[in-house]
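What follows is the residue order along each chain.
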Amino acid sequence: MIKVAVLGYGTVGSGVVEVLEKNRQQVAGKAGQELQVAYILDLRDFPEDPYADKVIHDFQVILQDAEVDIVCEVMGGVGPAYQFTKQALEAGKSVCTSNKELVARHGAELLEIAMAHGCSYLFEASVGGGIPLIRPICNALTAEKLLSVTGILNGTTNYILTRMDREGADYGQVLNKAQELGYAERNPEADVEGHDACRKIAILSSLLTGKNVDPKGIYTEGITGITSADFAYARAAGCSIKLLAASHIQEDGSVCAWVAPFLVEMAHPLAAVNDVFNGVLVNGNMVGEVMFYGPGAGKLPTASAVVADVIDCARNGNRTISCGWSEEPARMSSFQKISHVFFVRASEKAREEVLAAFPVQKCVDVAERTEDFGFLTQPMEEGVFAQQYEKLGDKVLGRIRCLGVQ
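The structure displayed is predicted, hence computed values, not measured ones.

Rules used throughout
- Residues numbered from 1 in each chain as written.
- Predicted model: local features only at pLDDT ≥ 70, side-chain atom pairs only at ≥ 80, totals over all residues.
- Heavy atoms only, no water.
- Phe/Tyr/Trp six-rings, centres within 6.5 Å; stacked < 30°, edge-to-face > 60°.
- Helix = DSSP H or I, 4+ residues; strand = E, 2+ residues; numbered from the N terminus.
- Buried < 20%, exposed > 50% of the residue type's maximum accessible area, 1.4 Å probe, protein only.
- Lys NZ or Arg CZ within 6 Å of the ring centre and 35° of its normal.
- Disulfide = S-S within 2.5 Å.
- Patch = residues over 30% accessible without salt bridge, like charges linked within 9 Å, V, L, I, M, F, W, Y side chains within 5 Å.
- Areas by Shrake-Rupley, 256 points an atom, 1.4 Å probe, with all protein chains shown as cover.
- Salt bridge = Lys/Arg side-chain N within 4 Å of Asp/Glu carboxyl O.
- Pairing = 2+ DSSP bridges.
- Right-handed = clockwise from strand over helix to strand, strands pointing away.

Visitor: Looking at this structure, I do not really get the packing of aromatic side chains. What am I missing?
Guide: Any pair of aromatic rings gets described here by the distance separating the centres and the angle formed by the planes. Scanning the entire structure with this criterion turns up 14 aromatic pairs. Relative to F385, the ring of F342 lies with its centre 3.8 Å away and its plane at 0°, an arrangement referred to as stacked. Taken as a pair, F342 in strand β13 (residues 339–347) and F385 in helix α15 (residues 382–391) lie far apart in primary sequence, 43 residues in all. Taking the relative accessible area as the measure of exposure, F342 reaches 0% and is therefore buried. Counting every residue linked through ring pairs, the aromatic cluster contains F342, F358, F373, F375, F385 and Y389. Over the aromatic face of F373 sits the side chain of R351, whose NZ or CZ is 4.3 Å from the ring centroid.

Visitor: How do you make sense of the state of the cysteines when you look at a structure like this?
Guide: Between two cysteines, a covalent bond joining their sulfur atoms is known as a disulfide. Throughout the structure, instances matching the rule amount to 0 disulfides. The thiol of C313 is not disulfide-bonded; the next cysteine sulfur, from C96, is found 3.8 Å away. Sulfur of C363: no disulfide; nearest cysteine sulfur belongs to C402 and is 13 Å away. By relative accessible area, C363 is classed as partly exposed at 36%.

Visitor: Just to check I follow, could you spell out a nonpolar patch on the surface for this structure?
Guide: On the surface, a nonpolar cluster with roughly 280 Å² of combined accessible area is contributed by F277, M291 and Y293. The residue M291 is located in strand β12 (residues 288–295) in this model. Among the residues examined, M291 registers a relative accessible area of 36% and is labelled partly exposed.

Visitor: Got a minute to help me understand the pairing of strand β4 (residues 68–73) in this structure?
Guide: Successive residues of a regular strand alternate their side chains across the two faces of the sheet. The element β4 is largely enclosed, with a buried count of 5 among its 6 residues. Where strand β1 (residues 2–7) and β4 come together, 5 bridges link them in parallel fashion. Bridge pairing links V4 to I70 in β4. One ladder, built from 4 bridges, connects β4 with strand β5 (residues 94–97); its direction is parallel. Note that in β5 the partner of E73 across the bridge is T97. Handedness of the β-α-β unit built from β4, helix α4 (residues 80–90) and β5 comes out right-handed.

Visitor: Is there a simple way to explain the pairing of β13 in this structure?
Guide: Counting buried residues in β13 gives 8 out of 9 residues, a clear majority hidden from the surface. Note: β13 against strand β16 (residues 380–381), 2 bridges, orientation antiparallel. Counterpart to H340 in the pairing with β16 is M380. Looking at chain direction, β13 and strand β17 (residues 396–403) are connected through 6 bridges and run antiparallel. Paired with V344 across the bridge in β17 is R399. Inspection of the sheet shows β13 paired to strand β15 (residues 372–377) by 5 bridges, in the antiparallel sense. Bridging across to β15, S347 finds its partner in D372.

Visitor: Explain the sheet that holds β5 to me, please; I cannot follow it from the model alone.
Guide: Strand pairing in a sheet takes place through backbone hydrogen bonds and is either antiparallel or parallel in direction. Here 6 strands make up an open sheet; going across it, the order is β3-β2-β1-β4-β5-β6 and the pairing parallel. Lying at the two open borders of the sheet, with one neighbouring strand each, are β3 (55–56) and β6 (121–122). Pairing of β5 with β6 involves 2 bridges; the strand directions are parallel. Considered in β6, the bridge of C96 is made with L122.

Visitor: Even after reading the chapter, I still don't get the pattern of salt bridges, so can you show me in this structure?
Guide: One side chain can pair with another of opposite charge once the charged atoms of both are near each other. With the rule as written, the count across this model stands at 30 salt bridges. In this structure, E167 engages R163 in a salt bridge whose closest nitrogen and oxygen atoms are separated by 3.5 Å. Within this pair, E167 and its partner R163 are both found in helix α8 (residues 155–167), separated by 4 residues, close to a single helical turn. Note that R401 is salt-bridged to E382, the shortest N-O span being 2.6 Å. Separated by 19 residues along the polypeptide, R401 in strand β17 and E382 in helix α15 bring together distant segments of the chain. The network of salt bridges with shared partners includes E124, R135, D309, D312 and R315.

Worth remembering: the numbers are spatial, not functional.
As structure tokens, then:
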């Protein structure tokens, strides 16, 4: 029998305990032995909870119990979560986590510590929630030279954009509804400003390169500037709007990663990923493009992914499960040199001046809109486009990059 400790008894933590206890027989069969929740660490008490007797407040109890082999860190943040994870790994206890912020900032370091102490640091739930993504990249696609990953990695923003598209509503209205339904936090900044997706694409970029990609080096733009007018033009162009996170390995081996809203052609597979679901495309030089789709968050989907890592640790005992992510910094290429097609919306009064400033591919007409107009550019480097866009000042009303739009 293997003892498991759970750090944090919030949404995901309670889900982990539920999966381990309710699926006890299935988990034991796949792990090769019984897994028992020995401790639940939290600052709070839960007197009415069926597992109240397992709740403790002192991490040292877990650290000093030699029979605890696996720790599930589902606290979130990088304060105590980082210290507790580091101490557990140094004590030879494997750690499984859903904490994308911690993995993005300290993943390479924690993997090195795990290897040095004969245990594992696993983080399947940190990127795709309930979608198996890390394991396929690290195992099923190991014969591939991975070239890129592009996806919808945040369910909150995808829900907001889906509702804006279907209902013709503005951002603020839909955000309020998302908060009422529990899809968005009271302070939604991490989601709507793109920080959550940035952390996730940093993790995936590190796995693609085998080197450490710092989230601070990733261009990040959120959805707060998207309007109902943008969706009217998107529909006219045969597109939807999605917040995409992408990472591309350049020919020289450097990596370029970004997070930003995109017009996505309706024929593209990511255009069909709606509501709180996530979808990720991984491109290999032999297999081509493969897609992963499913719930990117939620109590039980995320908990299921954490428990899958727990089972892997139980199967492998004292053998470290490696994913080939080192502390060596990845070489980053300039986002300003990347080319995209851009959709531009501008004031009708400045039509001639604005059209003269860009290499125009085609105009996009929306009959009911008379005060503005829209068009698609030819592919342009980010830096070149930004210079032209800034010169025009308030004559341009918005711009969104395009994926799959010709």
